[in-house]
Amino acid sequence: MDTVISVVAFALSLCALTGALSGRITARPFYALLTVAFLLLVIRDIHRGAQFPAITDAAFTGFFAWRWWQNGGGDDTKRRLRGLTRRFKPVRRTSPTTS
C-alpha cells in the first residue's frame, strides 16, 4: 500500500514538473498536481506513523494548495459562493421578551 502511494505521488510530481518545464501546463494545474501528490504523501506518512515527514509534507500540501488558489484555482468556487450570497435575504426578527 505504501509503495503504491509513493509511486503514484512520484508520478504526479514528475508529470507536473515535466509539464511545467516543457510549457504544456500552466501554473494552476502544476500546483494542483503537486497538491494532490503531497496530500498522498501525507496519507502515507500518517499510515506509517512518521510524524516529521507528515508535518513537512502537510506544510508543502498547504503551500501548493495556497499557490493553486492564488493562481485562480478557486475562481469557480468563488463564483458559486457569490451566487449563493445573492439568494440570501436576511430577516430581522425581534427577540422574545419575557416578563
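Residues numbered from 1 in each chain as written. Predicted model: local features only at pLDDT ≥ 70, side-chain atom pairs only at ≥ 80, totals over all residues. Heavy atoms only, no water.

**Observations concerning the packing of helix H2 (residues 27-48) against helix H3 (residues 51-73)**
Interhelical geometry of H2 versus H3 gives an angle of 160° and a closest axis separation of 8 Å. With respect to each other, H2 and H3 are oriented roughly antiparallel. Relative to H3, the crossing made by H2 is left-handed. Across the contact of H2 with H3, the residue classes tally to 16 nonpolar, five polar and five charged. (Axes fitted to C-alpha atoms, helices over the stretch in contact; angles between N-to-C directions. Helix = DSSP H or I, 4+ residues; strand = E, 2+ residues; numbered from the N terminus. Parallel < 35°, antiparallel > 145°, perpendicular 65-115°, else oblique. Left-handed = near helix turned anticlockwise from the far one by under 90°. Nonpolar A, V, L, I, M, F, W, Y, C, P; charged D, E, K, R; others polar.)

**Focus: the packing of helix H1 (residues 2-22) against H2**
Viewed as axis vectors pointing N to C, H1 and H2 meet at an angle of 160°, and their least axial separation amounts to 9 Å. Taken together, H1 and H2 sit at an angle that is classed as roughly antiparallel. The handedness of the crossing between H1 and H2 comes out as left-handed. Taking contact as the criterion, the partners of Asp2, Ile5, Ser6, Val8, Ala9, Leu12, Ser13, Ala16, Leu17 and Ala20 in H1 are, on H2, Phe30, Leu33, Leu34, Val36, Ala37, Leu40, Leu41, Arg44, His47 and Arg48. Taken together, the residues of the contact of H1 with H2 break down into 14 nonpolar, three polar and three charged. (Contact = heavy atoms within 4.5 Å.)

**Structural notes on the side chain of Thr35**
Tracing the sequence through the fold places Thr35 in helix H2. Accessibility expressed as a relative area gives 15% for Thr35, which makes it buried. Ignoring anything within four residues of it in the chain, the contact list for Thr35 reads Thr61, Phe64 and Ala65. (Buried < 20%, exposed > 50% of the residue type's maximum accessible area, 1.4 Å probe, protein only.)

**Some thoughts on the pattern of salt bridges**
Counted according to the given criterion, the structure contains two salt bridges. One salt bridge connects Asp2 with Arg48, and the closest N-O pair in it is separated by 3.5 Å. Note that Asp2 is positioned in helix H1 and Arg48 in helix H2, a separation of 46 residues in sequence. Of the charged contacts, one joins Arg44 and Asp45 as a salt bridge, the two residues approaching to 3.0 Å between their closest N and O atoms. (Salt bridge = Lys/Arg side-chain N within 4 Å of Asp/Glu carboxyl O.)

**A look at H1**
For H1, spanning 21 residues, the distance from its first C-alpha to its last is 30 Å, which sits close to the expected 30 Å at 1.5 Å a residue. Packing partners of the buried residues in H1 comprise H2. Of the residues flanking the end of H1, it is Gly23, one or two places downstream, whose phi is positive at about 85°. (Expected span 1.5 Å × (residues − 1).)

**Some thoughts on the nonpolar core**
Of all hydrophobic cores here, the largest spans nine residues; its members are Ala9, Ala16, Phe30, Tyr31, Leu34, Ala37, Phe38, Leu41 and Phe64. Those elements that provide at least two residues to this core are H1 and H2. Looking at this core element by element, the count peaks at six residues for H2. Excluding its chain neighbours within four sequence positions, the residues that come into contact with Phe30 are Ala16, Leu17, Ala20 and Ile25. (Core = buried A, V, L, I, M, F, W, Y, C linked by side-chain atoms within 4.5 Å.)

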